[in-house]
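Take a look at the letters that make up each chain.
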Amino acid sequence: MRKKIIVVGGGIAGLTAAYTLQKDGFDVEVLERDDTAGGRMRSERHGDFVVDRGAQFVASSYRNMRTLVDELGLKPQVRRLRTGRGAVLRDGKFVSSDYGGLRAIWKARDLRLGSKLRLPLILNDLRRARRMLDFYAIEKAAPIDDASAHDWALRRFGREVLDYLIEPPFASTFTVLPENLSRAFVLATIHYMFSGFRLSAFHGGNGLLTQTLASRLRVRTGADVARIAQSADGATVTLADGETLAADAVVIATPGNHVARLCDTLTDDERRFFGGVRYASSIIVFVMTSTTEADPGVYGVGISRPEGVRLYGMAMENPKEGAVPPGKTMFNCAFSEEYAAVLMAKPDGAIIEALHGELRKLPLRGLDKTEGHAVHRWPELVPQFYPGYIRSLAAFKERRQRSDRVFFAGDYLVCPYTEAALTSGLRAADDVRTRFARSGVSAAATGSTSSRTD
């Protein structure tokens, strides 16, 4: 009889775990609280516009995602962005920030000579830490998880580099200020991006990947999970309406800060770790205009606090094929975490009004020709890799006390990227397979997985 696995959470991590386990011969059911699976990798239509609710791009270096995309037959739908160039707001103007390496940074005209002369120090930091900088195993960087990115950059490179080279791209991408990011995480990210990071997107929306996975699985939407328990014989999942489901094991693929609340049978080591998982919150608003006047010709814009704008940044949707109708513009804006907290409970109209108050501080045209908005509130947008978190993650992965029937998936276990969430799903499936292989139970597992999860 096939082993029954319940996956709680239908985002990219949970769907990948479920799809992999199903291929391996397990009987798998996915429980998703929302009406549609996809989590932070969902797309939705607003007239002729396609809005990517969460994940905004896929990168050329996402090797596990590339493997899955090929297997699902979706490779023809992955299209290179027409431009991946970025900009930062400086002195009220958009200044190119196409910093694909130190050579590009050296040519940048917006950095003072003194700052440029200090930047090669980053090569020393990368070289000394190179054995610890692994995007797919961020826990290796635990020995250098000893300072915030803010303190490290300010001490090492000075205020200008912190304000206009470190803060804008990291805050706009992860909605987290440098004070709340570990220098280990920032070094690992820089190392990863320097190795090649060309941007693409799925034609018609990045939700195509999760939509395709969900179509090949048994997914139960509108299933609000209240409790997960485990025993020596199996696991149970209790829904908010009182229904109880039995399984041989459960993969919890919810945001990490929900795990301890859902499952009160964790080990002490696990409960301690999950108590320290934090998420950045924000509000993302998409602005749709009826002309191309508002398109600055770049993909992303990072905004530093000295500019006095309560946004971390904005991303243009026009470089994505199939996202924006011809002759129109769409871009999305991420409120600063502080301002988002003020606005979170307010109605959409008040949030849109607040956004346009901030947009008027930017060198944008065509905002008087706005024809629509989409407001997305994200109490848990991305996990925070704050100073000390990577050390905690390393201890969690080496823990001796482990749950026997409950397994975990989510980007908080790898890195705050879609590729990382997908990778965590592959690893959760491997953990389940290993667990039942130890007990002499075969679920038609096939092949080695080291090449796809390393």
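Structure's up top.
Along each chain, residues carry numbers from 1 onward, in the same order as the chain's sequence is written. This being a predicted model, a pLDDT of at least 70 is required before a residue's local features are given, and a value of 80 or more before pairs of side-chain atoms are given or counted; all residues contribute to the totals for chains, interfaces and linings. Working from all heavy atoms in the structure, the side-chain values ignore hydrogens and water.

K.L.:
How would you explain the overall build of the protein if you had to name every residue and give the values?
P.N.:
Strands are runs of DSSP state E lasting at least two residues, helices are runs of H or I lasting at least four, and both sets are numbered from the N terminus onward. The number of helices and strands found in the protein is 16 helices and 20 strands. We compute the radius of gyration from the C-alpha atoms alone; for a globule the expected value is 2.2 Å times N to the 0.38, where N is the number of residues. Against the globule reference of 22 Å for 454 residues, the protein gives a C-alpha radius of gyration of 22 Å, in line with a compact fold. Taken along the three principal axes of its C-alpha coordinates, the protein extends 65 × 50 × 40 Å. Accessibility here uses a 1.4 Å probe with only protein chains present; expressed as a share of the type maximum, an area under 20% marks a residue as buried, one over 50% as exposed, and anything in between as partly exposed. Classification of the 454 residues of the protein by burial places 60% in the buried group. For the protein, long-range pairs separated by at least 24 residues make up 74% of all intrachain contacts whose partners lie at least 6 apart in sequence. Carbon and sulfur atoms make up 48% of the accessible area of the protein, which amounts to about 18700 Å² in all. Between the mean site of the 63 positive side-chain charges and the mean site of the 53 negative ones, the protein shows a separation of 6 Å. Residues count as neighbours in contact if any of their non-hydrogen atoms are within 4.5 Å of one another. Areas reported here follow the Shrake-Rupley algorithm with a probe of radius 1.4 Å; residue values treat only the protein chains shown as occluding. Only four residue types enter the charge count, namely Lys and Arg as positive and Asp and Glu as negative; His and the chain termini do not. Every charge is mapped to an atom, namely NZ of Lys, CZ of Arg, CG of Asp or CD of Glu.

K.L.:
Describe the environment of Gly-357, naming the residues involved and giving the relevant values.
P.N.:
If you trace the backbone, Gly-357 turns up in helix 13 (residues 348-359). When the C-alpha positions of Gly-357 and Val-309 are compared, they lie 9.4 Å apart, and in sequence the two are 48 residues distant.

K.L.:
Quick one: what's the story with the packing of helix 1 (residues 12-23) against helix 2 (residues 63-72), residue by residue and with numbers?
P.N.:
Close contact between helix 1 and helix 2 brings their axes to 13 Å; oriented N to C, the two are set at 60°. As far as their axial angle goes, helix 2 and helix 1 are oblique. Seen from above, helix 1 lies across helix 2 with left-handed handedness. On helix 2, the residues that touch Thr-16, Tyr-19 and Lys-23 of helix 1 are Leu-68, Glu-71 and Leu-72. Asp, Glu, Lys and Arg are counted as charged, while Ala, Val, Leu, Ile, Met, Phe, Trp, Tyr, Cys and Pro are counted as nonpolar; the rest, among them Gly, fall into the polar class. Looking at the contact of helix 1 with helix 2 residue by residue, the classes come out as three nonpolar, one polar and two charged. Angular values range over 0 to 180 degrees, each being the angle between N-to-C directions of two axes fitted as lines to C-alpha atoms, with helices fitted over their stretch in contact. Here is the rule for angles: anything less than 35 degrees is roughly parallel, anything more than 145 is roughly antiparallel, 65 through 115 is roughly perpendicular, and the remaining ranges are oblique. Two helices cross in a left-handed way if the nearer one is turned anticlockwise from the farther one by less than a right angle. They cross in a right-handed way if the turn is clockwise.

K.L.:
Can you lay out the packing of aromatic side chains for me, pointing to particular residues and giving the numbers?
P.N.:
Within a pair of aromatic rings, the relevant descriptors are the distance that separates the centres and the angle that separates the planes. Pairing of aromatic rings covers Phe, Tyr and Trp, the last through its six-membered ring, and needs centres within 6.5 Å; plane angles under 30 degrees mean stacked, over 60 mean edge-to-face, and all others mean tilted. All told, the structure shown has 22 aromatic pairs when counted by the stated rule. The interplanar angle of 90° and the centroid separation of 5.3 Å between the aromatic rings of Trp-152 and Phe-157 together place this pair among those described as edge-to-face. With relative accessibility at 1%, the residue Trp-152 sits in the buried group. With a relative accessible area of 2%, Phe-157 lands in the buried category. A centroid spacing of 5.5 Å and a plane angle of 75° characterise the contact between Phe-274 and Phe-396, whose relative ring orientation is edge-to-face. On the criterion of sequence distance, the pair formed by Phe-274 in helix 11 (residues 268-274) and Phe-396 in helix 14 (residues 389-397) is long-range, its members being 122 residues apart.

K.L.:
Lay out the sheet that holds strand 15 (residues 279-289) with the relevant residues and their values.
P.N.:
Criterion used throughout: strands pair if DSSP finds at least two bridges between them. Strand order in the open sheet formed by seven strands is 8-7-16-17-18-15-19, with mixed pairing between adjacent strands. The open sheet is flanked by strand 8 (93-96) and strand 19 (370-383), the only strands paired with a single partner. The average angle at which neighbouring strand axes cross in this sheet is 25°, direction not considered. Examined bridge by bridge, strand 16 (residues 300-303) and strand 17 (residues 311-316) share three bridges and lie antiparallel to one another. By the bridge assignment for strand 17, Gly-300 is matched with Ala-315.

K.L.:
Summarise the pairing of strand 14 (residues 249-252); cite the residues concerned and give the values.
P.N.:
With burial as the criterion, each face of strand 14 is covered, one bearing Ala-249 and Val-251 and the other bearing Val-250 and Ile-252. Bridging between strand 1 (residues 4-8) and strand 14 involves four bridges; their strand directions are parallel. Pairing of Ile-5 across the sheet is with Ala-249, part of strand 14. Relative to strand 20 (residues 406-408), strand 14 is paired through three bridges, and the arrangement is parallel. Bridge pairing in strand 20 places Val-251 opposite Phe-407.

K.L.:
Talk me through the nonpolar core; I want residue IDs and the actual numbers.
P.N.:
Core analysis: the largest hydrophobic core is formed by 128 residues, its most contacted members being Leu-209, Ile-228, Val-251, Phe-408 and Tyr-412. In terms of residue count, helix 15 (residues 418-438) provides more of this core than any other element does, eight residues in total. Setting aside residues no more than four positions away along its own chain, Ile-228 makes contact with Val-8, Thr-236, Val-237, Val-250, Ile-252, Leu-262, Cys-263, Asp-264, Thr-265 and Val-406. Residues belong to one nonpolar core when they are buried, are Ala, Val, Leu, Ile, Met, Phe, Trp, Tyr or Cys, and are joined through side-chain atoms within 4.5 Å. Listed in part, the 29 residues of the second largest apolar core include Ala-294, Val-298, Val-309 and Ala-340.

K.L.:
Account for the side chain of Glu-307, with residues named and values stated.
P.N.:
Relative to the helices and strands, Glu-307 is located in the loop between strand 16 and strand 17. Despite its burial, Glu-307 remains without a salt bridge, the nearest opposite charge being carried by Arg-90 at 5.9 Å. Only 2.7 Å separates the side chain of Glu-307 from the side chain of Tyr-164, close enough to count as a polar contact. Salt bridge, as used here: a side-chain nitrogen of Lys or Arg that lies within 4 Å of a carboxyl oxygen of Asp or Glu. Polar contacts, as used here, are pairs of N or O atoms within 3.5 Å; protein pairs need one atom able to donate a hydrogen and one able to accept it. Residues neighboring in sequence count only if both atoms are side-chain atoms.

K.L.:
Tell me about the pattern of salt bridges, residues and numbers included.
P.N.:
Taken as a whole, this structure holds 34 salt bridges when the rule is applied. In this structure, Glu-371 engages Lys-328 in a salt bridge whose closest nitrogen and oxygen atoms are separated by 3.2 Å. Pair noted here: Glu-371 is in strand 19 and Lys-328 is in the loop between strand 17 and strand 18 (329-335), with a separation of 43 residues, a long-range link. Look at Glu-371 and you get partly exposed, because its relative accessible area is 43%. A salt bridge links Arg-435 to Asp-404, with the nearest nitrogen and oxygen atoms 2.8 Å apart. You can see Arg-435 sitting in helix 15 and its partner Asp-404 sitting in the loop between helix 14 and strand 20, a full 31 residues away along the chain. On the accessibility criterion, Arg-435 (9% relative accessible area) is buried. By relative accessible area, Asp-404 is classed as partly exposed at 33%. If you follow the salt bridges from partner to partner, you end up with Asp-24, Asp-430 and Arg-433 in one network.

Read these as spatial facts, not as claims about activity.
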